[in-house]
Amino acid sequence: MDTMSRAGKRLCRAAALVCALLGSATVLRAQAVLNAYVQEGLRSNLGLQQMNMDYAKAQWTLKEAKRLYGPQLDIAGSYTGSLRKPFTMPPPDPNDPLSMGLWELIHSMDAPNIDGDKIYYPPPHMFSGGLQLTQTIYSAELKYNRQAKEADSKAWQAKLEDFKTSLEADIRSAYFQYLQAYYVRDATAQGLELAQQHLQGITELIANHKMTKDALYKARANLSNITAQLHSADNDIVKAQYYFNFLLNRERAAPVKIDSAYVFNSHAAYRVAPAQDTGTMHRYQLDYLYHLEQSALAQKNKLAANKWPDVQLSSFAGVRGQEITFDNSQLPFAQLQLSLKWNLFNTGANKARVQQARLQQQSLHTQYDLQQQQLSLQEITARRDVITLLDNYAAVNDSYRNAAVYYEAVKQKFRLGMAGILELSDAENQLLQASINRQVWYYSLQVKTAEYQKSTGKTISIIQ
């Protein structure tokens, strides 16, 4: 029997070694579970979908600003009515050939604004219709408005990238919180099973008159406490599951797969992986402020550019007349107009707007410098949090080993009648808490790596 036991132990050790070797070779493949969840969240998260729509809106706003430079073709029509009294022409002098000739010439024109000896100027009715083409030659407002919209579009793009990074960190953090709740519940269930075994053993001892009932009540009380812990652990699992599925825009009760790359291994030597360059040019939480500052600068330049005129060229081709009759050969006409417009004075309102824009730009520049310092500080503190937890690994593992040895020793003493139920319950609870602490330590460490990503925009990983 002893020989079979020793052979079984050697077989278990060999199997454990093979599993460890295979596990180290399949970590990357196993991580595909969490990576797949991250990619799913980056596609389905409702907050990200809203951000995508806001970014698309900013791009269309930029296209609108660009197209304002192009020519504009309109169909234009107008009517002008005049209420001015007519001029009365003096009658011609029959003895003056020049006067008679002028009178005959005026009436031979058959102009609508001449009625007998009455001349209407401006005409009482004027109609026009045709095509109008307008082209802006130079406009400071359009120029700097385009620059501002371009900066706004880049700011939204940067904000979208920031949101993706933050969302990925949130998904990873929520996943690790779910795994922590899952394995804490598993450890608590094992503790409950152990307490049930002790209760059964104590019941048998009492039946054989080897122990008094006070031990039974203590064992039952300990079992009730662990049962309450198990109920709390079940509740933690459900809440973690709901929140994780919320981030992925899934059904709340959708099952969550376990990624074997993130299962605690008491034999592993956990350490921080060497930093790797992601190769991205995006500056987390900085590009957004930089482009906002560029937008404010363009707004300031637009308001300060009023010393230059707006130059616009327009042309009109169509018909114009004092009556709606298009049989007159003089009706079709074309017109070309070049206009210049200065804003010379508006009671100082424009100057006030310039100062507002200048202060807004300076405020954003200061906010950029502050955010840069804050990111540097967050990176130092977040990394220290990870390192501190890693430093606690040996203590957490030793605590569990010592609790396990202490429990076995007390259990043997209890069977021999050398230890009481209080000492056994204490050893049992210490073992349970030490088992829970290992899971909490490991997943708190993984959560800290996610918090590092959310705080800095950079990734940090734990390897074995």
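None of these values were measured; they are calculated from a predicted model. Within any chain, residue numbers begin from 1 and follow the written order of that chain's sequence. In keeping with the predicted nature of the model, local features appear solely for residues at pLDDT of at least 70, side-chain atom pairs appear and are counted solely at 80 or more, and the whole-chain, interface and lining totals rest on all residues. Note that water and hydrogens are dropped before the side-chain values are worked out from all heavy atoms of the structure.

With respect to the overall build of the chain
Thought 1: By the criteria applied, helices consist of DSSP H or I runs no shorter than four residues and strands consist of E runs no shorter than two, each listed in order from the N terminus. In terms of helices and strands, the chain carries 11 helices and 9 strands.
Thought 2: Residues are treated as being in contact if the distance between any of their heavy atoms lies within 4.5 Å. Sequence separation of 24 or more characterises 82% of the internal contacts of the chain that already satisfy a separation of 6 or more.
Thought 3: Total accessible area on the chain is roughly 29000 Å²; 56% of this is exposed by carbon and sulfur atoms. Note on areas: Shrake-Rupley, 1.4 Å probe, and residue coverage restricted to the protein chains presented here.

Quick look at the sheet that holds strand 7 (residues 310-321)
Thought 1: The pairing criterion for strands is at least two bridges between them, as found by DSSP. Pairing is antiparallel in the open sheet, where 4 strands are placed in the order 1-5-7-8. In this open sheet, the two edge strands, each paired with only one partner strand, are strand 1 (72-81) and strand 8 (332-341). Pairs of neighbouring strands in the sheet enclose a mean axial angle of 25°, with direction left out of account.
Thought 2: By the bridge criterion, 11 bridges tie strand 5 (residues 125-138) to strand 7 in an arrangement that is antiparallel. Residue pairing across strands places Q132 opposite F316, the latter belonging to strand 7. Lines fitted to C-alpha atoms define the axes, with helix axes restricted to the stretch in contact, and inter-axis angles between N-to-C directions lie between 0 and 180 degrees.

Brief notes about the sheet that holds strand 4 (residues 118-119)
Thought 1: Reading across the sheet, the 3 strands line up as 2-4-3 and stay open at both edges, with antiparallel pairing between neighbours. Edge strands, defined here as strands with exactly one partner in the open sheet, are strand 2 (87-88) and strand 3 (114-115).
Thought 2: Where strand 3 lies against strand 4, 2 bridges are found, and the strand directions are antiparallel. Along strand 4, the bridge assignment pairs I114 with I119.

Regarding unusual backbone geometry
Thought 1: Not every positive phi belongs to a glycine, and N249 is a case in point at roughly 55°.
Thought 2: With respect to the secondary-structure elements, N249 resides in the loop between helix 7 (213-247) and strand 6 (271-272).
Thought 3: Judged by relative accessible area, which is 39%, N249 ranks as partly exposed.
Thought 4: At Q285, a residue that is not glycine, the phi angle is positive and equals roughly 60°. To sort residues, take the accessible area from a 1.4 Å probe on protein chains only and compare it with the maximum for the residue type: under 20% means buried, over 50% means exposed, and anything in between is partly exposed.

Describing a positive patch on the surface
Thought 1: A cluster of basic side chains, namely K63, K66, R67 and R146, defines a positive patch on the protein surface.
Thought 2: Take the positive patch: its biggest share by element is 3 residues, from helix 4 (residues 46-67). Residues enter patches when their relative accessible area tops 30% and they take part in no salt bridge; the joining distance is 9 Å for like charges and 5 Å for the nonpolar side chains Val, Leu, Ile, Met, Phe, Trp and Tyr. A pairing counts as a salt bridge when a side-chain nitrogen of Lys or Arg comes within 4 Å of a carboxyl oxygen of Asp or Glu. For the purpose of charge, His is not counted, nor are the chain termini; Lys and Arg are scored as positive and Asp and Glu as negative. Charged side chains are reduced to one point each, which is NZ for Lys, CZ for Arg, CG for Asp and CD for Glu.

Let's talk about the packing of helix 6 (residues 140-207) against helix 7
Thought 1: Their axes nearest at 8 Å, the elements helix 6 and helix 7 cross at an angle of 160°. The angle between the axes of helix 6 and helix 7 places the two elements in the roughly antiparallel class. Helix 6 and helix 7 meet at a crossing whose hand is left-handed.
Thought 2: Its residues assigned to classes, the contact of helix 6 with helix 7 comprises 24 nonpolar, 9 polar and 6 charged. In these notes the angle categories are as follows: under 35 degrees is roughly parallel, over 145 is roughly antiparallel, 65 to 115 is roughly perpendicular, and the rest is oblique. Here a crossing is called left-handed whenever its near helix is offset anticlockwise from the far helix by less than a right angle, and right-handed whenever the offset is clockwise. Residues are grouped as follows: nonpolar covers Ala, Val, Leu, Ile, Met, Phe, Trp, Tyr, Cys and Pro; charged covers Asp, Glu, Lys and Arg; every other residue, Gly included, is treated as polar.

Thoughts on the packing of aromatic side chains
Thought 1: Pairing of aromatic side chains here covers Phe, Tyr and the six-membered ring of Trp, requires ring centres within 6.5 Å, and sorts the geometry by plane angle: under 30 degrees stacked, over 60 edge-to-face, intermediate tilted. In this structure the tally under the stated criterion is 19 aromatic pairs.
Thought 2: Linked through ring pairs, Y178, Y182, Y183, F264, Y270, Y393, W441, Y442 and Y443 together constitute an aromatic cluster.
Thought 3: Lysine NZ or arginine CZ positioned within 6 Å of the ring centre and within 35 degrees of the ring normal marks a charge as sitting over the ring. A cation sits over an aromatic face here: K63 above W60, 4.2 Å from the ring centre.
Thought 4: If you follow R438 out to its NZ or CZ, it ends over the ring of Y400, 3.6 Å from the centre.

Looking at the pairing of strand 8
Thought 1: Among the 10 residues in strand 8, 0 count as buried, and that is only a small part of the element.
Thought 2: Taken together, the 10 bridges between strand 7 and strand 8 define a ladder with antiparallel strand orientation. When the bridges of strand 8 are listed, A317 appears paired with A334.

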